[in-house]
Amino acid sequence: MDALKDTDCILIARTNGDVETMMDQCCERMRRAHELGAEMTTVVRTRTLEQARYVAERVPGWKMFPDVTAPDGKPEATVEELYPLGYQIMTTHYTLKAAMDGMLEHGYRNVAEQNVTYTYNKKGPSGLAGFSAAAYFDPDGYMKMEAEYTGHYEEYILSKLYNETYPDVFPPSKNKFRF
């Protein structure tokens, strides 16, 4: 806990016990972790609102609902249902799945066509095509943001080489998720 003092970081305690056969043990572990100073807890493999309620009745403090799923197109628990129970974060592995989907899509096409034309010409959310991931964000904008903290600005080399321009939604200064 000392390492977290005077930082914006929190300790999230987790247990990987089987929620079907060890739920009481999982809750006891997380209750004790909270008593020892964990600011948030999670019982991994909690899937349903009923399980979330069970944990909430036994574990104080902030909780994280792990691995949100949506069988048959309906989430098993929603933010509106979980927040009042003390769940401050809901997670799922969508970025891993999306990354794998994209890599497989590009891999299959490039192998089938025996070239990289598909990948090179596929436009990212910025509307730019190209071989690099720079089409997915404004790298020079991030270099400028870094300079705000370091006092040193260095132009992103690909912006210079390809004279790329990015839509206004991409600069970090206009990014609503900037912390």
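Everything in this summary refers to the structure shown in the same document. The shown structure was predicted, so the numbers you read here are calculated from the model rather than taken from an experiment. (Residues numbered from 1 in each chain as written. Predicted model: local features only at pLDDT ≥ 70, side-chain atom pairs only at ≥ 80, totals over all residues. Heavy atoms only, no water.)

Overview of the overall build of the protein
Just so we agree on the cut-off: Each helix is a run of H or I in the DSSP string that is no shorter than four residues. Each strand is a run of E no shorter than two, and both are numbered from the N terminus. Burial classification: accessible surface area is computed with a 1.4 Å probe over protein chains only, and a residue below 20% of its type maximum counts as buried, one above 50% as exposed, and the rest as partly exposed. Using the Shrake-Rupley algorithm and a 1.4 Å probe, accessible areas are obtained, with residue cover drawn only from the displayed protein chains.
Helices and strands together make up the secondary structure of the protein, namely 7 helices and 4 strands. The secondary structure elements of the protein, listed N-terminal to C-terminal, are β-α-β-α-β-α-β-α-α-α-α. Residue burial in the protein is summarised as follows: out of 179 residues, 29% are buried. Taken as a whole, the protein presents about 12,500 Å² of accessible surface, with 56% of it coming from carbon and sulfur.

So, the packing of aromatic side chains
Rule in force here: Planes of paired rings set the category: under 30 degrees apart is stacked, over 60 is edge-to-face and the rest tilted, where pairs are Phe, Tyr or Trp rings (Trp by its six-membered ring) whose centres lie within 6.5 Å. To sit over a ring, a charge needs its Lys NZ or Arg CZ within 6 Å of the ring centre and within 35 degrees of the ring normal.
Scanning all chains against the criterion turns up 1 aromatic pair. Centre to centre, the rings of Phe65 and Tyr87 are 5.9 Å apart; their planes meet at 75°, and the pair counts as edge-to-face. In this pair, Phe65 is assigned in strand β3 (residues 62-65) and Tyr87 in strand β4 (residues 87-90), connecting sequence segments 22 residues apart. No difference in accessibility class separates Phe65 from Tyr87, as the two residues are buried. The lysine or arginine in question, Arg58, covers the ring of Tyr54, its NZ or CZ lying 3.4 Å from the ring centre.

Things to note about the sheet that holds strand β1 (residues 12-15)
Here is the rule: Only when DSSP finds a minimum of two bridges between them are two strands counted as paired. Lines are fitted to the C-alpha atoms to define the axes, a helix being fitted only along its stretch in contact, and any angle between axes, read from their N-to-C directions, falls within 0 to 180 degrees.
If you walk across this open sheet you meet the 4 strands as β1-β2-β3-β4, and the pairing is parallel. For this open sheet the edge positions go to β1 and β4, each flanked by a neighbour on one side alone. In this sheet, neighbouring strand axes are inclined to one another by 25° on average, regardless of whether the strands run parallel or antiparallel. In the sheet, β1 pairs with strand β2 (residues 40-43) via 4 bridges, with the strands oriented parallel.

Some remarks on the environment of Met23
As a reminder of what qualifies: Note on contacts: a residue pair is in contact if any heavy atoms of the two residues lie within 4.5 Å.
For Met23, the position within the fold is in helix α1 (residues 23-35). With residues near it in sequence (within four places) discarded, Met23 still touches Asp18, Val43, Gln51, Tyr54 and Val55.

A closer look at the side chain of Thr15
In plain terms, the rule: N or O atoms within 3.5 Å of each other form a polar contact, as long as, within protein, one can give a hydrogen and the other can take it, and as long as residues adjacent in sequence are counted only when both atoms are side-chain atoms.
For Thr15, the location among the structural elements is in strand β1. What makes Thr15 buried here is its relative accessible area of 4%. For Thr15, the side chain forms a polar contact with the main-chain nitrogen of Gly17, separated by 3.5 Å.

Considering the pattern of salt bridges
What counts here: The salt bridge criterion pairs a side-chain nitrogen of Lys or Arg with a carboxyl oxygen of Asp or Glu, the two atoms within 4 Å.
Counting across every chain of the model gives 6 salt bridges. Note that Glu35 is salt-bridged to Arg31, the shortest N-O span being 2.2 Å. One end of the pair is Glu35 and the other is Arg31, both in helix α1 and 4 residues apart, which spans about a single turn. Between Glu113 and Arg109 there is a salt bridge, with its nearest N and O atoms 3.0 Å apart. On the criterion of helical spacing, the pair formed by Glu113 and Arg109 is a turn pair, its members being 4 residues apart in helix α4 (residues 94-113). When its relative accessible area of 34% is taken as the criterion, Glu113 is described as partly exposed. Its relative accessible area of 38% is what places Arg109 among the partly exposed residues. Among the charged side chains, a salt-bridge network with shared partners connects Glu28, Arg31 and Glu35.

By themselves, these are just geometric observations and shouldn't be taken as functional.
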